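As a plain string of letters, each chain reads:
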Amino acid sequence: MGKFEVLDHPLIQHKLTIIRNRDTGTKVFREVVNEISTLMAYEVSRDMPLEDVEVTTPIEKTVKKQLAGKKVAIVPILRAGLGMVDGFLNLIPAAKVGHIGMYRDEESLQPVEYFVKMPADIDQRQIFVVDPMLATGGSAIMAIDALKQRGAHSFKFMCLVAAPEGVKALQKAHPEVDIYTAALDEKLNEDGYIMPGLGDAGDRLFGTK
Ligand SMILES: O=P(O)(O)OC[C@H]1O[C@H](OP(=O)(O)OP(=O)(O)O)[C@H](O)[C@@H]1O
Ligand SMILES: O=c1cc[nH]c(=O)[nH]1
Ligand SMILES: [Mg+2]
């Protein structure tokens, strides 16, 4: 079974409370999602492999560490996942970005895929799938299914708010995937929204409601 971690650093908790507030407008919402994503990227990159490298300081020659150059791809689930990309790239600027478009049918709550564009060497990359919300888990599961069909095999999933139902479903469908969230909320309501959650992440990021 992959990891399940709630990244509850005080700065992350504080910023998450700002975006939960219904009075927070689009501009601040977007900025704070970006900031939280950078903080989360710092946490989830803790186990990135290092290698020895020789470096000459002004004093002497020594052997120290550098990133081993493992290839990384960030895959946002559109639309809301887009809000997490720049924050991540702040720390891992050389990462490639793949996009997967998916919306949740309002009646059935089933995800519908509408776009996929991945880097050509996706099968060789450590993939960070990002989406602010893990609700029923349907979108995350279908996104990872789509990536596996294209040869990808190494995944971490990052969200801001998760419902217990979504975590369970994702763990059942893709047990090897590490899941990182900034908060584990209480449950889903009858419309499939996370309680207390933060509302519709895509609409709040892009001002579409
Ligand atoms: O876990 P699930 O039950 O599948 O729900 C989560 C999905 O719902 C939201 O997307 P939405 O369908 O609102 O699309 P949008 O990002 O374009 O707004 C959210 O960003 C996730 O992708
Ligand atoms: O609470 C929720 C659930 C799904 N998608 C969202 O954007 N918010
Ligand atoms: Mg939405």
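Residues numbered from 1 in each chain as written. Chains lettered and ligands numbered in written order. Predicted model: local features only at pLDDT ≥ 70, side-chain atom pairs only at ≥ 80, totals over all residues. Heavy atoms only, no water.

In the annotation of an unreviewed UniProt entry, the protein chain is listed under the name Uracil phosphoribosyltransferase and assigned to Furfurilactobacillus rossiae DSM 15814. Recorded in UniProt under Function (unreviewed entry), the annotation for the protein chain is "Catalyzes the conversion of uracil and 5-phospho-alpha-D-ribose 1-diphosphate (PRPP) to UMP and diphosphate." (UniProt positions renumbered as here; feature names shortened; annotations may be inferred.)

A. Representation of the UniProt feature "domain: Phosphoribosyltransferase" (unreviewed entry) in the protein chain. Under the local residue numbering, the UniProt record ascribes the feature "domain: Phosphoribosyltransferase" (unreviewed entry) to residues 6–208. Overall, residues 6–208 shows 32% helix and 32% strand. The separation of its end C-alpha atoms is 29 Å. (Helix = DSSP H or I, 4+ residues; strand = E, 2+ residues; numbered from the N terminus.)

B. Examining helix H5 (residues 164–173) more closely. Inspection of H5 places Gly166, Val167 and Leu170 among the buried residues, and these make up the whole buried set. Considered in projection along H5, the buried side chains sweep an arc of 100° and stay on one side of the axis. Residues of H5 that are exposed and point more than 90 degrees away from the buried face comprise Lys168 and Lys172. (Buried < 20%, exposed > 50% of the residue type's maximum accessible area, 1.4 Å probe, protein only. Arc of directions from axis to C-beta.)

C. Fine view of the pairing of strand E11 (residues 178–184). For E11, the buried fraction is high: 6 of the 7 residues fall into the buried class. Sheet topology note: the strand E1 (residues 4–6)/E11 ladder contains 3 bridges and is parallel. Bridging from a neighbouring strand, Glu5 pairs with Tyr180 of E11. In this structure, strand E10 (residues 154–162) lies alongside E11, joined through 6 bridges in parallel fashion. Counted as the bridge partner of Phe157 is Ile179 from E11. (Pairing = 2+ DSSP bridges.)

D. Representation of the packing of aromatic side chains within the structure. Going through the model one piece at a time under the given rule, you end up with 2 aromatic pairs. An angle of 50° between the planes, with centres 4.9 Å apart, marks the rings of Phe88 and Phe128 as tilted. Here the residue Phe88 occupies a position in helix H3 (residues 85–91), and Phe128 occupies one in strand E8 (residues 126–130), the gap between them amounting to 40 residues. Look at Phe88 and you get buried, because its relative accessible area is 0%. Ring plane angle 35° and centroid distance 6.1 Å describe the contact between Tyr103 and Tyr114, whose orientation is recorded as tilted. Separated by 11 residues along the polypeptide, Tyr103 in strand E6 (residues 99–104) and Tyr114 in strand E7 (residues 111–117) bring together distant segments of the chain. In this structure Tyr103 comes out as partly exposed when scored by relative accessible area, which is 45%. Judged by relative accessible area, which is 44%, Tyr114 ranks as partly exposed. Positioned over the ring face of Tyr193 is Arg104, at 5.7 Å from the centre of the ring. (Phe/Tyr/Trp six-rings, centres within 6.5 Å; stacked < 30°, edge-to-face > 60°. Lys NZ or Arg CZ within 6 Å of the ring centre and 35° of its normal.)

E. Here's a closer look at the side chain of Arg204. Mapped onto the elements of the fold, Arg204 is located in helix H6 (residues 201–206). For the buried Arg204, no salt bridge is present, and the opposite-charge side chain at shortest range is Asp23, 7.7 Å distant. Apart from residues no more than four positions distant in its own chain, Arg204 is found in contact with Ile19, Arg20, Asn21, Arg22, Thr24, Thr26, Phe29 and Leu198. (Lys, Arg positive; Asp, Glu negative; His and termini not counted. Salt bridge = Lys/Arg side-chain N within 4 Å of Asp/Glu carboxyl O. Contact = heavy atoms within 4.5 Å.)

F. Fine view of a nonpolar patch on the surface. A cluster of nonpolar side chains, contributed by Phe4, Val6 and Leu184, occupies part of the molecular surface with about 210 Å² of accessible area. If you trace the backbone, Val6 turns up in strand E1. Relative accessible area serves as the criterion here: at 34%, Val6 is assigned to the partly exposed category. (Patch = residues over 30% accessible without salt bridge, like charges linked within 9 Å, V, L, I, M, F, W, Y side chains within 5 Å. Areas by Shrake-Rupley, 256 points an atom, 1.4 Å probe, with all protein chains shown as cover.)

G. Up close: the site of ligand 1. The full set close to ligand 1 counts 16 residues, and Arg79, Arg104, Asp131, Thr136 and Ser139 are the nearest of them. One of the backbone nitrogen or oxygen atoms of Ala80 is found 3.0 Å away from an oxygen atom of ligand 1. Ser139 places a polar side-chain atom, nitrogen or oxygen, 2.6 Å from an oxygen atom of ligand 1. Contact with the protein chains hides 91% of the accessible area of ligand 1, taken as 490 Å² for the molecule alone. Broken down by secondary-structure element, the contributors of at least two residues to the shell around ligand 1 are E6, strand E9 (133–134) and helix H4 (138–149). Among the elements that line the shell around ligand 1, the one with the most residues is E6, at 3 residues. Here the residues of the shell around ligand 1 are counted per class, giving 7 nonpolar, 5 polar and 4 charged. (Near = heavy atom within 4 Å. Polar contact = N/O pair within 3.5 Å; in protein donor to acceptor, adjacent residues only side chain to side chain. Nonpolar A, V, L, I, M, F, W, Y, C, P; charged D, E, K, R; others polar.)

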